[in-house]
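The residues making up each chain are set out below.
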Amino acid sequence: MTVFLTTLVGSAAYVMAAIWFITNASPSKFSFATWPHTGRLLVVIGIVCHTLILRWTTFPLDESRLNVISAASLINWQIVLLYLLASFRRPVDNLGIIILPIAAIALIVNVAVPANMSRPSHNNWQLDAHIVLSILAYSLLLLAVAQSMLLAIQNRLLHRHKTGGFVRALPPLETMEELLFQMLVLGFFLLSLALVSGLLFIDDLFSQHLVHKTTLSFIAWMIFGVLLWGHWRYGWRGRTAVRWTVSGGAALTLAYFGSKFVLELILGRQWG
């Protein structure tokens, strides 16, 4: 019952926060602008509940349970946390319109479909460092994908000369692009560290059950690297930046969730 209520409160807080940001992005008689911190407060409530659920369902004291569903919930938790921290310094509040409903779904599914596979705990700090770097890189780069989608919507509306409502609630286009490339630079740096740590600390990185994950991760790394080089050398931006960002995010998603989906849900094996 405790898990059910916590999941209900957490997912409801995420959804209500997303609705709050949507309402404030499209000013109307129902606007909640008089309560400027309500959205972030709801996000904090959601994160607290999400943290408790992960602690109860994914990381018991004696083992680690990390299948494809719990991994999705963990990564969404990390994305929301990064988003919340960034919102105190940068104008990224409206990213919640995209990421918060997804986090609510991930939270509910994680509880509805409990982990049925476990991996014994280990004392290998190098492997732990690789996992932490991988999750941080993936979370930040997916946040960049969400930012690029918001940028694409803003750019499309501006080209149609629709400058009211949602567009007016967003930062200027130049600021949105600056935020995108800041996320990409930091995410690319973390992904580079994750790949280097994998090469150094994982003996079977190119073994049969990891080769697809490794190959797709390197492809994603190259996509993001080419984008950043093109931005620096040729000033790539706008639609070009959005396409490359989404392509890199898709490759990275396939690298992790594609391999885990095939191994766990189709072949019935655990990813290691």
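Residues numbered from 1 in each chain as written. Predicted model: local features only at pLDDT ≥ 70, side-chain atom pairs only at ≥ 80, totals over all residues. Heavy atoms only, no water.

(A) A look at the packing of helix H2 (residues 38-57) against helix H4 (residues 96-112). The N-to-C vectors of H2 and H4 enclose an angle of 25°; their axes lie 11 Å apart at closest approach. With respect to their mutual orientation, H2 and H4 come out roughly parallel. Handedness of the crossing formed by H2 with H4: left-handed. Residue-level inspection shows Val43, His50, Ile53, Leu54 and Thr57 of H2 in contact with H4, the latter providing Leu100, Ala103, Leu107, Asn110 and Val111. (Axes fitted to C-alpha atoms, helices over the stretch in contact; angles between N-to-C directions. Helix = DSSP H or I, 4+ residues; strand = E, 2+ residues; numbered from the N terminus. Parallel < 35°, antiparallel > 145°, perpendicular 65-115°, else oblique. Left-handed = near helix turned anticlockwise from the far one by under 90°. Contact = heavy atoms within 4.5 Å.)

(B) Summary view of H4. The end-to-end C-alpha distance of H4 is 24 Å, a good match for the 24 Å that 17 residues give at a rise of 1.5 Å each. Taken together, the buried positions of H4 are occupied by Gly96, Ile97, Ile99, Leu100, Ala103, Ala104, Ala106, Leu107 and Asn110. (Expected span 1.5 Å × (residues − 1). Buried < 20%, exposed > 50% of the residue type's maximum accessible area, 1.4 Å probe, protein only.)

(C) Quick look at the packing of aromatic side chains. Counted according to the given criterion, the structure contains five aromatic pairs. Here Trp229 and Tyr234 contribute two aromatic rings whose centre-to-centre distance is 5.3 Å and whose plane-to-plane angle is 80°, an arrangement assigned as edge-to-face. When its relative accessible area of 52% is taken as the criterion, Tyr234 is described as exposed. Aromatic ring contacts, followed pair by pair, group Trp20, Phe21 and Tyr83 into a single cluster. Looking at Arg40, its charged tip hangs above the ring of Phe88, at a distance of 5.0 Å from the centre. (Phe/Tyr/Trp six-rings, centres within 6.5 Å; stacked < 30°, edge-to-face > 60°. Lys NZ or Arg CZ within 6 Å of the ring centre and 35° of its normal.)

(D) Molecular detail of the pattern of salt bridges. Scanning the entire structure with this criterion turns up three salt bridges. One salt bridge in this structure joins Glu178 and Arg90, with 3.7 Å as the shortest N-O distance. With Glu178 in helix H7 (residues 173-201) and Arg90 in the loop between helix H3 (68-87) and H4, this pair connects stretches of sequence that are 88 residues apart. Judged by relative accessible area, which is 30%, Arg90 ranks as partly exposed. (Salt bridge = Lys/Arg side-chain N within 4 Å of Asp/Glu carboxyl O.)

(E) View of the environment of Thr240. With respect to the helices and strands, the residue Thr240 is situated in helix H9 (residues 238-266). C-alpha of Thr240 to C-alpha of Gly230: the two residues are ten residues apart in sequence and 9.7 Å apart in space.

(F) Inspection of the packing of H2 against H3 at higher detail. Running from N to C, H2 and H3 point in directions that differ by 150°, and their axes come no closer than 10 Å. Between H2 and H3, the angle is such that the two are roughly antiparallel. For H2 against H3, the interelement crossing comes out left-handed. When H2 is examined against H3, the residues Arg40, Val43, Val44, Ile47, His50, Thr51 and Leu54 are found in contact with a partner set consisting of Ser70, Ser73, Leu74, Asn76, Trp77, Val80, Leu81, Tyr83, Leu84 and Ser87. Grouping the constituent residues of the contact of H2 with H3 by class yields ten nonpolar, six polar and one charged. (Nonpolar A, V, L, I, M, F, W, Y, C, P; charged D, E, K, R; others polar.)

(G) Broad picture of the environment of Phe201. Looking at where Phe201 falls in the secondary structure, it is placed in helix H7. We classify Phe201 as partly exposed; its relative accessible area is 31%. For Phe201 and Leu127, which are 74 residues apart along the polypeptide, the C-alpha to C-alpha distance reads 6.5 Å.

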